[in-house]
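# Topology and contacts: notes
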Amino acid sequence: MKQGEDYSKHRESADEELIARFQQGDNYAFDLLVIRYKDPLLNYVFRFLGDRTDAEDIVQETFYRLYKNKHYYKEIAKFSTWIYTIAGNLAKTELRKRKRRNLFSINYYMSTDKDYDLPDDQTSPEKDANTIITDDIIQQSVDKLSPKFKQVIILRDIQGFSYEEISDIIKIPLGTVKSRVNRARLKLQEDLKYLMKDIT
Amino acid sequence: MNPCATVQKYLSSYLDQSLDPQLRQEIDSHIQECPECAKILQDLKFLTSRLKNVQTLQASDSFEKNLRQRIIDNTATKEENNPLKTFSYGLSAAAILVAVYFFINTNPTTPSDNIISPAPSKSSIMDARMSEEITTNPDLDKETNTQMAVDDSIESKRLTDEEQREINLVDQ
Ligand SMILES: [Zn+2]
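Everything numeric in this text was worked out from a predicted model, so none of it was measured.

Quick notes on the rules
- Residue positions are given per chain, counted from 1 along the sequence in the order it is written.
- Here every chain gets a letter starting at A, and every ligand a number starting at 1, in the order they are written.
- Note on the predicted model: pLDDT of at least 70 is required for a residue's local features to be given, and 80 or more for side-chain atom pairs to be given and counted; whole-chain, interface and lining totals, by contrast, use all residues.
- The basis for every side-chain value is the complete set of non-hydrogen atoms in the structure, without hydrogens or water.
- Working definition: helices are DSSP H or I runs of at least four residues, strands are E runs of at least two. Numbering for both runs from the N terminus.
- Expected helix span is computed as 1.5 Å times (number of residues minus one).
- Relative accessible area decides the class of each residue, using a 1.4 Å probe on protein chains only: under 20% of the type maximum gives buried, over 50% gives exposed, and in between gives partly exposed.
- Throughout, a contact is declared for two residues whenever any of their heavy atoms are within 4.5 Å.
- Put simply, buried Ala, Val, Leu, Ile, Met, Phe, Trp, Tyr and Cys residues joined by side-chain atoms within 4.5 Å make one nonpolar core.
- Counted as coordinating are nitrogen, oxygen and sulfur atoms within 2.8 Å of the metal, or 3.2 Å for Na, K and Ca, while water is not included, which may make sites look incomplete.
- For four-coordinate sites, all angles between 85 and 135 degrees define a tetrahedron; for four- and six-coordinate sites, opposite donors beyond 155 degrees with the remaining angles between 65 and 115 define square planar and octahedral shapes respectively, and all other cases count as irregular.
- Note on definitions: salt bridges are taken to be side-chain nitrogens of Lys or Arg within 4 Å of carboxyl oxygens of Asp or Glu.
- Confidence of the predictor in every single residue is expressed as pLDDT, which spans 0 to 100.
- A pair of Phe, Tyr and Trp rings is counted when the ring centres sit within 6.5 Å of each other, with Trp represented by its six-membered ring. The angle between the planes then sorts it: under 30 degrees is stacked, over 60 is edge-to-face, the rest tilted.
- Geometrically, a lysine NZ or arginine CZ counts as sitting over a ring once it is within 6 Å of the ring centre and also within 35 degrees of the ring normal.
- Simply put, an axis is a line fit to the C-alpha atoms, just over the touching stretch for a helix, and the angle between two N-to-C directions goes from 0 to 180 degrees.
- Orientation categories follow fixed angle ranges, with anything under 35 degrees roughly parallel, anything over 145 roughly antiparallel, 65 to 115 roughly perpendicular, and all other angles oblique.
- Take the far helix as your reference; a near helix turned counterclockwise from it by less than a right angle gives a left-handed crossing, and one turned clockwise gives a right-handed crossing.
- Each residue is assigned to one class: nonpolar for Ala, Val, Leu, Ile, Met, Phe, Trp, Tyr, Cys and Pro, charged for Asp, Glu, Lys and Arg, and polar for all the others, Gly among them.

## With respect to helix H4 (residues 35-52) of chain B
With 18 residues, H4(B) extends 26 Å between its outermost C-alpha atoms, agreeing within 8% with the 26 Å of an ideal straight helix rising 1.5 Å per residue. Within the span of H4(B), buried status applies to Cys37(B), Ile40(B), Leu41(B), Asp43(B), Leu44(B), Leu47(B), Thr48(B), Arg50(B) and Leu51(B). Its buried side turned inward, H4(B) meets helix H7 (135-144), helix H8 (147-158) and helix H10 (174-192) of chain A together with helix H1 (3-9), helix H2 (11-15) and helix H3 (21-33) of chain B.

Structure (structure tokens):
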């Protein structure tokens, strides 16, 4: 069998078709879902946790659970919202664990001596061009939000989900999503407004 | 509620262009007269576009390899609790499990469920919830599953190196 052909044939398939095939025992479909979702999920969880290694571990766990529990997925949900729900729940659990371990420091407010290490990948020429509000500053500000605000702003403004999709992912009413996004944005604005004095 | 607080409640919807025209007009006229709300709106515009452009990460090169290992390890953990863990085939349990995984990947029509997902581990809430949804075959107890895994892995041993490389799709 020519696996390459088989692979590209599936490449354009809808997520729901892939998960259906995977449920029927086609493990290529699983591979494709991993390829399709590993980066988006990594970015989602990374913005949530602020730590690349932990984020990658959570995304691995997400796929492992998909692998193990594939029949739990029912067609009534979009696959993307389903997998984001799992990853989001695992990320929130991780945050709670950290809180319990008391390792989650929030005392890095605008520190210039960088007691908060972002992964190396963040240090790119592109980032340096963003001189005033860097990715680090954005991340630090996002980290200060409580999980419920953090989650909606990542999904809406970083990952570009619609309010309806966010409502499906985090299972709260549409109106609540909208007001939560608004409040999260206002919190960030409040936090960063002194830096935006000259640029907006 | 003072007018600024009311206006600020709607700024996101204003930015997302999802307000009805009348409310939109009211906010427009407030913003004309209120520098504070105008500034916040400007900041929000800047922030939303800035958030959209934060650098994106890519999963590490070893992502798929590690995922596979995780799947194998979790299956191996179950093996350890099983009296059938000694094999007469001269293969380590890990090697067999690797082979099983590859075997499954090359045979999309193989009913793999009984081999890889005998029962979810009982370590978390999510697992417990999910396990309710999973129907297990009553005829196949854990030992039978393990025996099947062993039998199938012997089959999979016949795969050539070249085939194995082809199976490793995610690395290509
Ligand atoms: Zn005002």
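## A closer look at the nonpolar core
One finds Phe30(A), Val45(A), Phe63(A), Leu66(A), Phe79(A) and Tyr84(A) to be the most contacted residues of the largest nonpolar core, which totals 65 residues. Excluding its chain neighbours within four sequence positions, the residues that come into contact with Leu66(A) are Ile19(A), Phe22(A), Phe30(A), Phe79(A), Trp82(A) and Ile83(A). If you look at the next biggest cluster of nonpolar residues, it comprises 14 residues, including Leu186(A), Tyr14(B), Leu15(B) and Ile31(B).

## Concerning the coordination of the zinc ion
Residues and elements named next belong to chain B. The protein atoms donating to the zinc ion are Cys4 (SG), His30 (NE2), Cys34 (SG) and Cys37 (SG), with metal-donor distances spanning 2.1 to 2.3 Å. With four donor atoms in place around the zinc ion and angles of 101 to 114 degrees between them, the coordination shape is tetrahedral. Counting residues between consecutive donors of the zinc ion along the chain gives the motif C-x25-H-x3-C-x2-C. Taken together, the residues cysteine 4 in helix H1 and cysteine 34 in the loop between H3 and H4 connect sequence positions 30 residues apart.

## A word on unusual backbone geometry
Residue Lys171(A) is not a glycine yet carries a positive backbone phi of 60 degrees. By secondary structure assignment, the location of Lys171(A) is in the loop between helix H9 (163-170) and H10. Positive phi, normally seen in glycine, also occurs at Gln17(B), with a value near 60 degrees. Structurally, Gln17(B) is set in the loop between H2 and H3. Assessed through its relative accessible area of 60%, Gln17(B) is described here as exposed.

## Considerations on the pattern of salt bridges
For the coordinates displayed, the defined rule picks out 19 salt bridges over all chains. The closest approach of N and O atoms between Glu61(A) and Arg70(B), which form a salt bridge, is 2.5 Å. A residue pair is termed interchain when its members come from two chains, as with Glu61(A) in helix H4 (residues 52-68) and Arg70(B) in helix H5 (residues 63-80). Since its relative accessible area comes to 16%, Arg70(B) is described here as buried. Here the residues in one salt-bridge network are Asp54(A), Glu94(A), Lys97(A) and Arg98(A), joined through shared partners.

## Digging into the confidence of the model for chain B
Residue and element names in this part refer to chain B. The predicted model of chain B averages 63 in pLDDT, with 44% of residues at 70 or higher. Under a pLDDT of 50 for its full length, residues 107-172 has, in the predicted model, 104 contacts with residues more than four places off or in other chains. For this predicted complex, the interface score ipTM comes out at 0.79, alongside a pTM of 0.66.

## Structural notes on H4(A)
The terminal C-alpha atoms of H4(A), which comprises 17 residues, lie 24 Å apart, in line with the 24 Å expected from a rise of 1.5 Å per residue. Burial of H4(A) is extensive: 14 of the 17 residues sit out of reach of the surface.

## Observations regarding the packing of aromatic side chains
Two numbers describe a pair of aromatic rings. These are the distance of the centres and the angle of the planes. This structure, assessed with the given rule, holds 11 aromatic pairs over all chains. Ring centres of Tyr73(A) and Phe79(A) lie 6.0 Å apart, and the angle between their planes is 70 degrees; this geometry places the pair in the edge-to-face category. Accessibility assignment for this pair places Tyr73(A) and Phe79(A) in one class, buried. Lying across the ring of Phe22(A), Lys70(A) places its NZ or CZ 4.4 Å from the centre. The ring of Tyr14(B) has Arg24(B) sitting right over it, with the charged end atom 4.2 Å from the ring centre.

## Describing the packing of H4(A) against helix H5 (residues 79-101) of chain A
Residue and element names in this part refer to chain A. Where H4 contacts H5, the two axes come as close as 10 Å, and the packing angle between them is 130 degrees. On the basis of the axis angle, H4 is oblique to H5. When you trace H4 past H5, the crossing you get is right-handed. Of the residues in H5, those touching H4 at Asp54, Ile58, Glu61, Thr62, Arg65 and Leu66 are Phe79, Trp82, Ile83, Ile86, Ala87, Leu90, Ala91, Glu94 and Arg98. By residue class, the composition of the contact of H4 with H5 is nine nonpolar, one polar and five charged.

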